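Here is what each chain is made of, one letter per residue.
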4 protein chains.
Amino acid sequence: MSGNTFGKIFTLTSFGESHGEAIGGIIDGCPAGLKIDLDFIQSELDHRKPGQSHIVTQRKEADKVEFLSGIFNDTTMGTPIGFMIRNTNQRSKDYDHNVEAYRPSHADYTYDAKYGMRDHRGGGRSSARETAARVVAGAIAKLILKEKGITIHAYTSQVGDIKLLKNYKDLDLTKIESNIVRCPDELIAETMIQKIEQVRKAGDTIGGVIACVIRGVPAGIGEPVFDKLHADLGKAMLSINAVKGFEYGSGFEGTKMLGSQHNDAFYFDEQVKTSSNRSGGIQGGISNGEDIYLNVAFKPVATIMQEQSTVDASGKEGTIHGKGRHDPCVLPRAVPIVEAMAAMVIVDHMFRSKNNKM
Amino acid sequence: MSGNTFGKIFTLTSFGESHGEAIGGIIDGCPAGLKIDLDFIQSELDHRKPGQSHIVTQRKEADKVEFLSGIFNDTTMGTPIGFMIRNTNQRSKDYDHNVEAYRPSHADYTYDAKYGMRDHRGGGRSSARETAARVVAGAIAKLILKEKGITIHAYTSQVGDIKLLKNYKDLDLTKIESNIVRCPDELIAETMIQKIEQVRKAGDTIGGVIACVIRGVPAGIGEPVFDKLHADLGKAMLSINAVKGFEYGSGFEGTKMLGSQHNDAFYFDEQVKTSSNRSGGIQGGISNGEDIYLNVAFKPVATIMQEQSTVDASGKEGTIHGKGRHDPCVLPRAVPIVEAMAAMVIVDHMFRSKNNKM
Amino acid sequence: MSGNTFGKIFTLTSFGESHGEAIGGIIDGCPAGLKIDLDFIQSELDHRKPGQSHIVTQRKEADKVEFLSGIFNDTTMGTPIGFMIRNTNQRSKDYDHNVEAYRPSHADYTYDAKYGMRDHRGGGRSSARETAARVVAGAIAKLILKEKGITIHAYTSQVGDIKLLKNYKDLDLTKIESNIVRCPDELIAETMIQKIEQVRKAGDTIGGVIACVIRGVPAGIGEPVFDKLHADLGKAMLSINAVKGFEYGSGFEGTKMLGSQHNDAFYFDEQVKTSSNRSGGIQGGISNGEDIYLNVAFKPVATIMQEQSTVDASGKEGTIHGKGRHDPCVLPRAVPIVEAMAAMVIVDHMFRSKNNKM
Amino acid sequence: MSGNTFGKIFTLTSFGESHGEAIGGIIDGCPAGLKIDLDFIQSELDHRKPGQSHIVTQRKEADKVEFLSGIFNDTTMGTPIGFMIRNTNQRSKDYDHNVEAYRPSHADYTYDAKYGMRDHRGGGRSSARETAARVVAGAIAKLILKEKGITIHAYTSQVGDIKLLKNYKDLDLTKIESNIVRCPDELIAETMIQKIEQVRKAGDTIGGVIACVIRGVPAGIGEPVFDKLHADLGKAMLSINAVKGFEYGSGFEGTKMLGSQHNDAFYFDEQVKTSSNRSGGIQGGISNGEDIYLNVAFKPVATIMQEQSTVDASGKEGTIHGKGRHDPCVLPRAVPIVEAMAAMVIVDHMFRSKNNKM
């Protein structure tokens, strides 16, 4: 009920505050016999970790994952996979000024309203540090998907008003990791990076959009009513910190179209295919074998190095000024998180689909 | 696992194909002692039902709900509320041409891929007729919310490229039901209606956007990690037929902003408030007491009265031409569905929040 | 949360009060392509229904099940199976004396304590009439198990102090339906029937034990920790009205044994087998391929045709005297319910086991 | 689905193999503001830990729990409570002889059948070491119950054929911890201890029964159909290693009674009460305010220091002889586990009952 578990068959239950002992989780429902590539898992975490480039927060955290159970001789046993990441770089003093004042557009006030208290050290459970557990579970999901020939690529497609207009089909997705903003178009990437640097120098932050493409999902995955495949992908993405919107296939643009423009005609070429893909690979909540693609909207990070009006828990009005080491733009580090959530949803639904037919 | 249950404490489990005996559901988790206003529930259904105006499908369905349990002397007993709506207007012959050909951008092919079969009579379970069960459960949720002083208003804010640019705060939401397209601005409504008529005459269909405003939710509702309040609202909306996108608060527009422009400053006036509301009433997944508002993107209806290329189950290519009585635009009838889903999410999360504190 | 859903993949959500419009349910998670034998389902219901012999309640209820969805051309479609049984014989007046007085060892007082109200017409939701929905879902589960070669046989093994001492292996389980008490030993059956008649004439009731044998479950079904196969079987049985205890394999008798007496030695004969079966076919919560067998303890029916002390909702003390038509012994009609619950648990766990290995 | 989560609102998800890095879990759904008494939690663990007396296994394990999240300044924050216990005494070599041979009445064969592999080091996940996580979660549940005035006492009531015949009401439950077998009757306790010593010397093991009494649960807790309070208690107990049976109230003995003997008459003394309590404090699945009491049957431990026939994974027959340090009788160390499971069930159902009424 408290919502710290994600998924139905392949599940992640996560724990941890940003400045407590550790964060971590339990992955349940991973089949026995999966080979675990620990280097791959760590590399996924490294894509998310702070301090990886000059356009993200300069906090230094090792983010070394320690597996506690479920894996024996580098192979899963079918039992729950417990893991944790120790919190090592906890400059809690940076947050002393937060003890009373509510940081605007953060979760300080709502945690107090809900729980009657909060961990004021760096956001506690509301910190995006929690997403490291998602990346670990997502990495294991990716290992499963790899065996099925399914790939997931997310990339930064917009920073502020700098937008990559090319369709994902016209991009070289192997180039995503070739730059620090994780945009596969080199020129746009450079402009985005400059924009983020400029914003950072001004003590400000900026939002953007991450696109994600999932290839190789066979037709027939997803449930037809409440748990439509895109509904679960949407929930997965909207559960990531700072996300304000989700669309798949034609998305919000598709609302302006006529049915005769929007429909995807079927044809046959070894299997049933569609000549266009405004459906985004999902029809009636179930995959149709085409590419699944989606967009995730991120607001600008709430912590800015500027003076802002606020109140404290007693209702006293005052001002607050950001301290500590924060991201001017969350997008580069959110790319692996989007991929992780997508991977978990696809694996979960593939497992759920095992009992479709007698 | 098959995903025909929505919610965790206040739940709807639904059943029914469009051309079977009946559709219906079971509402579980409704507290004892709620007065049931049967006329209100029926009026909510009437907002969704076919044939209510000339811009929606001309099928005539009574959509009379019959309650089978859980209510005694017009009061809930705390036991599950079973209900059904008989299917009375089943012109299955209209669908004979669908037995083999897959209708483009429908769920015919994906159902076949998933189940190895499908009910070809009018969409079966993939028909939007399924949403009538949601409206019944949503109406009961609204009765609960009414006792808490919480209101929900959804309205058509865009049809094709005709867009209502006014903020919801500048609209008179009591006017939503004053026209058949359910847009509170009379002038825009008239333009939308003309657009839909024009599209219908061309045998075509058109998409659009529904906005929804939820007022009166106290601060502290929602779970902080995977089950963020807006993530569950997003999933709820994305599970409605034809929905392609969801955003709340600043949404996709917010991605273009700087943190200094986007943050909502706190002030105090009897309670903690924000001077702007780009957060959309939710911070860190938990309500902050401000209005919750969101947008839902609908694609154009897939059934068009035009010739389209397709294939059949054997892979043979051919053409298909829409028959039967279909909606040229799903928006007017989707307004009560959006409200129903929102109501269920809010009630469920209010009930989940009962154990926040000792 | 309200607990009207049973199972995780193959699920039954049930509704209905004994004297409301109808009882029924929704079966979700039944795969597509299962042939439905309606006569078989009705015959299962007939084994549970009142009035079937002179040793059970003489109420006459048709208990005709009506399927509302999920089945097309006598085949499941993978969509939820909605069904209902109209309540036709509702002599509510028999229960007028219950409006205020709490019937001893019934759920009248606890419902009032929980919900602040209750449906006093014949027990409402606490009536064993609710179990008819379980029999319908169990019958469909049995059709699935039949295709896997799995059989379930329950029988009355004890009535009061009349106990069938033979092991199930020494009984002819095809004889269960050959007498009205459903005990496969003709002589013991006759004694049991005489005992029940004698008790009924005295206006009293009597308890007993039902044994259940499940054959053909392959090794490897069940989850190893909280959802052990026998734990879910236990919960299933304990959820049946009037059940006070559950044991499997060596059960309570096994507590008196030494390990050297109790252990089941392994041997090999085409597959791994055990030379004894005190484990009851389950080791570590997982089936080992041997017969699963269990016992379910039923208390005597609470409604007796005798004067009893009680209080009413206001706390006023008084007496109550049973009226209406009630079972002197619940065992004969509970046999199909025990089988139904066992069938649902086995199917659910078989479906859950699909993702054990890569 | 893999069943490593227990509970619905107050939940424990556990992980860990007996000879892996650590065991532990995540407690979700604990309200904010609960004072955590770490000494109490550790003392509960000490009641379960090996080596505490000469009648239990002589393995030495520190079983020191480390909390990783969810607690700040000795107070819960409403966020998930992650914890772990390092495995420190892993004499894996004791288990080398198990690599191939299946230990009789253990879960070796069924794990292989289910997962295609197993962790042969001391039982892995099937080891009772897993129950330490339950004791931690149970201790936190007890802290919640303490604030509500609810107490739970479990004790050894039978070892082999040595049975404590006194009713719990005639026992001094404060004496449970006064002896190493945890039986509140000193004389019977001494006989039980001698019996266990005798069995241990013979290289054998012995079963028994644990009784449990729960006092102070208010009327109205529990769900009326599938999730009856006693059904969830039963499942909880049956999920403990080596448990073969469960009964509550009159249990299996009640099956021999007449309704006129069994029914509990109501009377009024400040509140509704019953003059006898064969219902065991639960009627229709819902607590009635009387004491809840139950019995749990444990088989003899499977590991014996004697030669037994078995087969290995290839089907080759042979013999096996127990090694390592094992319990001759599981009862003394299982007492805190029974209490822990009972505590979790009661807390979970109290939380579930918050939405019974409007």
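Let me sum up the structure you'll find in this document. One numbering rule holds for all chains: residues counted from 1, following each sequence as written. By the order in which they are written, chains take letters starting at A while ligands take numbers starting at 1. Totals for whole chains, interfaces and linings use all residues, but because this is a predicted model, local features are given only for residues with pLDDT of at least 70 and pairs of side-chain atoms are given and counted only at 80 or more. Side-chain metrics in this entry use all non-hydrogen atoms of the structure; hydrogen atoms and water are not considered.

Re the packing of aromatic side chains
- Between 30 and 60 degrees the pair is tilted, below 30 it is stacked and above 60 it is edge-to-face, where a pair is any two Phe, Tyr or Trp rings, Trp via its six-membered ring, whose centres lie within 6.5 Å. Taken as a whole and judged by the stated rule, the model has 34 aromatic pairs over all chains.
- With centroids separated by 5.2 Å and ring planes inclined at 40 degrees, the aromatic side chains of Y168 of chain B and Y293 of chain B adopt a geometry described as tilted. A residue pair is termed long-range when its members are at least 10 positions apart, and Y168 of chain B in the loop between β9 (162-163) and α4 (186-201) and Y293 of chain B in strand β16 (residues 292-298) qualify at 125 residues. Comparing Y168 of chain B with Y293 of chain B, the two get one shared label, buried.
- One aromatic cluster is present, built from ring pairs that chain together Y102 and Y109 of chain A together with F266 of chain B.
- Note on geometry: a ring has a charge over it if NZ (lysine) or CZ (arginine) is within 6 Å of the ring centre and within 35 degrees of the ring normal. Against the face of Y248 of chain B rests K244 of chain A, its NZ or CZ located 4.0 Å from the ring centre. Strands are runs of DSSP state E lasting at least two residues, helices are runs of H or I lasting at least four, and both sets are numbered from the N terminus onward. Exposure is judged per residue with a 1.4 Å probe applied to protein chains only, and the accessible area is read against the type maximum: over 50% gives exposed, under 20% gives buried, and values in between give partly exposed.

Considerations on helix α5 (residues 229-238) of chain D
- Most of α5 of chain D sits inside the fold, with 10 of its 10 residues counted as buried.
- The complete set of buried residues in α5 of chain D reads L229, H230, A231, D232, L233, G234, K235, A236, M237 and L238 of chain D.

Considering the relation of the copies chain D and chain C
- Here the copies were fitted onto each other by least squares, based on C-alpha atoms from residues at pLDDT of at least 70 in both. Superposition of chain D onto chain C requires a rotation of 180 degrees combined with a translation of 0.0 Å along the rotation axis, giving an RMSD of 0.0 Å. Those values place the two copies in the arrangement expected of a two-fold rotation axis.
- It only takes one pair of heavy atoms within 4.5 Å for two residues to be counted as in contact. An overlap of 99% is found between the interface residues of chain D and their copies at the interface of chain C, pointing to a shared contact surface.

Some words on the environment of E190 of chain C
All names here are of chain C.
- As for its position among the elements, E190 is in helix α4 (residues 186-201).
- Residue classification places E190 among the partly exposed residues on the basis of a relative accessible area of 40%.
- C-alpha of E190 to C-alpha of A242: the two residues are 52 residues apart in sequence and 24 Å apart in space.

Considerations on the interface of chain D and chain C
- Taken together, the contacts link 106 residues of chain D with 105 residues of chain C.
- What gets called buried area is simply the loss in accessible area from a 1.4 Å probe that two parts show on being joined, summed for both. Both sides together, the interface formed by chain D and chain C hides about 8300 Å², and carbon and sulfur atoms give 60% of it.
- Salt bridges are counted wherever a side-chain nitrogen of Lys or Arg sits within 4 Å of a carboxyl oxygen of Asp or Glu. At the boundary of chain D and chain C, one finds six salt bridges.
- Between K235 of chain C and D232 of chain D there is a salt bridge, with the nearest N and O atoms lying 2.7 Å from each other.
- Identification of polar contacts relies on pairs of N or O atoms within 3.5 Å, with a donor-acceptor requirement for protein atoms, meaning one able to donate a hydrogen and the other able to accept it, and with residues adjacent in sequence counted only if both atoms are side-chain atoms. Where chain D meets chain C, there are 47 residue pairs in polar contact (both at pLDDT 80 or more).

A look at the pattern of salt bridges
- One pass over the full model with this rule turns up 104 salt bridges over all chains.
- Taken together, the salt bridges that share partners define one network made up of K8, D227, D232 and R352 of chain A together with K235 of chain B.

Some remarks on the relation of the copies chain B and chain C
- In screw terms, the move from chain B to chain C is a rotation of 180 degrees and a rise of 0.0 Å along the axis, fitting with an RMSD of 0.0 Å.
- When the interface residues of chain B are mapped onto chain C, 100% of them again lie at the interface, so the same face is used by both copies.

Quick word on the state of the cysteines
Residue and element names in this part refer to chain B.
- Counting rule for disulfides: a pair of cysteine sulfur atoms within 2.5 Å. Throughout the structure, instances matching the rule amount to zero disulfides over all chains.
- Unpaired in this structure, C212 has its nearest cysteine sulfur neighbour in C183, at a distance of 15 Å.
- For C212, a relative accessible area of 0% gives the class buried.

Quick word on the interface of chain B and chain C
- Each partner contributes to the interface: chain B provides 41 residues, whereas chain C provides 41 residues.
- Together chain B and chain C conceal approximately 3200 Å² of surface at their shared face, both sides included; 65% is due to carbon and sulfur atoms.
- At the boundary of chain B and chain C, one finds two salt bridges.
- A salt bridge links R86 of chain C to E66 of chain B; its shortest N-O distance comes to 2.9 Å.
- For the interface between chain B and chain C, the tally reads 12 residue pairs in polar contact (both at pLDDT 80 or more).

Observations regarding the packing of helix α5 (residues 229-238) of chain C against α5 of chain D
- Only the contacting stretch of a helix is used when fitting its axis, a line to C-alpha atoms as for every element, and angles between N-to-C directions run 0 to 180 degrees. Two numbers describe how α5 of chain C lies on α5 of chain D: the axes approach to 8 Å, and their chain directions differ by 160 degrees. Here α5 of chain C lies roughly antiparallel to α5 of chain D, going by the angle between them. Relative to α5 of chain D, the crossing made by α5 of chain C is right-handed. Contacts between α5 of chain C and α5 of chain D pair H230, A231, D232, G234, K235 and L238 of chain C from the former with H230, A231, D232, G234, K235 and L238 of chain D from the latter.
- Amino acids outside the nonpolar list (Ala, Val, Leu, Ile, Met, Phe, Trp, Tyr, Cys, Pro) and the charged list (Asp, Glu, Lys, Arg) are all regarded as polar, and Gly is one of them. Here the contact of α5 of chain C with α5 of chain D is built from residues that sort into four nonpolar, four polar and four charged. The scheme is simple: roughly parallel for angles under 35 degrees, roughly antiparallel for over 145, roughly perpendicular for 65 to 115, oblique for anything else. Handedness of a crossing follows from how the near helix is turned relative to the far one, being left-handed for an anticlockwise turn of less than a right angle and right-handed for a clockwise one.

Observations concerning unusual backbone geometry
- In this model, E270 of chain A sits at a positive phi of 75 degrees, which is unusual for a non-glycine residue.
- Tracing the backbone through its elements, the reader meets E270 of chain A in the loop between β12 (266-269) and β13 (271-274).

What to know about the pairing of strand β18 (residues 317-321) of chain C
- Pairing between strands is defined by DSSP: at least two bridges between them are needed. Examined bridge by bridge, strand β17 (residues 307-311) of chain C and β18 of chain C share five bridges and lie antiparallel to one another. When the sheet's bridge partners are listed, V311 of chain C is paired in β18 of chain C with E317 of chain C.

A word on helix α2 (residues 108-115) of chain D
- With respect to burial, α2 of chain D is a largely interior element, seven of its eight residues being buried.
- When α2 of chain D is considered as a whole, its buried residues turn out to be D108, Y109, T110, Y111, D112, K114 and Y115 of chain D.
- Tucked inside the fold, the buried residues of α2 of chain D contact β12 (266-269), β13 (271-274), β14 (282-283) and β15 (286-287) of chain C.
- Trailing α2 of chain D by a residue or two, G116 of chain D shows a phi angle of about 75 degrees, which is positive.

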